[in-house]
Amino acid sequence: QVQLVESGGGLVQAGGSLRLSCAASGSIFSINQMGWYRQAPGKQRELVASITTSGSSTNYADSVKGRFTISKDNAKNTVYLQMNSLKPEDTAVYYCNADIRDLFMGIYNYWGQGTQVTVSS
């Protein structure tokens, strides 16, 4: 069994910062690509940022480029999302996502439970 647990969401004023964390635990052999998605009320879930296994390559949605930074700590099986210069339109539930190879060598896609980020104007 594999779990992704997010933390770090909350309420912040526009222009502020938050750091989200997502820790993977369980029967993990290796973790491939990890990413953060978000879903605002009435909207579809969208990719915010992703990072490759080695951390050498990252990808960002145009709306967050220059403001958000994704990083990972392979030793801790954890991915982070540093969010700076937050805007009210960043308000959403943020979800962690990962492709994980378990101890039985199966590769599956996992989602975290989500963490609420609310940016007030």
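First, a word on what this report is: a plain description of the structure on this page. (Residues numbered from 1 in each chain as written. Predicted model: local features only at pLDDT ≥ 70, side-chain atom pairs only at ≥ 80, totals over all residues. Heavy atoms only, no water.)

### As for the pairing of strand β9 (residues 92-102)
Here β9 lies mainly inside the structure; eight of its 11 residues are buried. Alignment of strand β4 (residues 28-39) against β9, held across nine bridges, turns out to be antiparallel. Directly across from R38, in β9, lies its bridge partner Y94. Where β9 meets strand β11 (residues 115-120), three bridges bridge the pair, whose relative direction is antiparallel. Directly across from V93, in β11, lies its bridge partner Q116. Sheet topology note: the β9/strand β10 (residues 107-111) ladder contains five bridges and is antiparallel. Opposite A98, over in β10, you have Y110 as the bridge partner. The hairpin formed by β9 and β10 contains four residues between the paired strands, and M105 there has a positive phi angle of roughly 70 degrees. (Buried < 20%, exposed > 50% of the residue type's maximum accessible area, 1.4 Å probe, protein only. Helix = DSSP H or I, 4+ residues; strand = E, 2+ residues; numbered from the N terminus. Pairing = 2+ DSSP bridges.)

### Quick look at the nonpolar core
Among the nonpolar cores identified, the biggest contains 31 residues, and W36, L81, M83, Y94 and I100 are the most heavily contacted of them. Broken down by secondary-structure element, the contributors of at least two residues to this core are β1 (2-7), β3 (18-26), β4, β5 (46-51), β7 (68-73), β8 (78-83), β9 and β11. Residue contributions to this core peak at five residues, all from β9. In this structure M83 touches G16, S17, L18, L20, R67, F68, Y94 and V117, once residues within four positions along its chain are discounted. (Core = buried A, V, L, I, M, F, W, Y, C linked by side-chain atoms within 4.5 Å. Contact = heavy atoms within 4.5 Å.)

### A word on the pattern of salt bridges
The full count for this structure, using the stated rule, is four salt bridges. As a salt-bridge pair, R38 and D90 come within 2.9 Å of each other at their nearest N and O atoms. Taken together, the residues span a long stretch of sequence, with R38 in strand β4 and D90 in the loop between β8 and β9 at a distance of 52 residues. Comparing R38 with D90 shows no difference in burial state: the two are buried. Several salt bridges share partner residues, and in doing so they unite R38, E46, R67 and D90 into one network. (Salt bridge = Lys/Arg side-chain N within 4 Å of Asp/Glu carboxyl O.)

Everything listed here is a matter of coordinates, which is why it stays silent on function.
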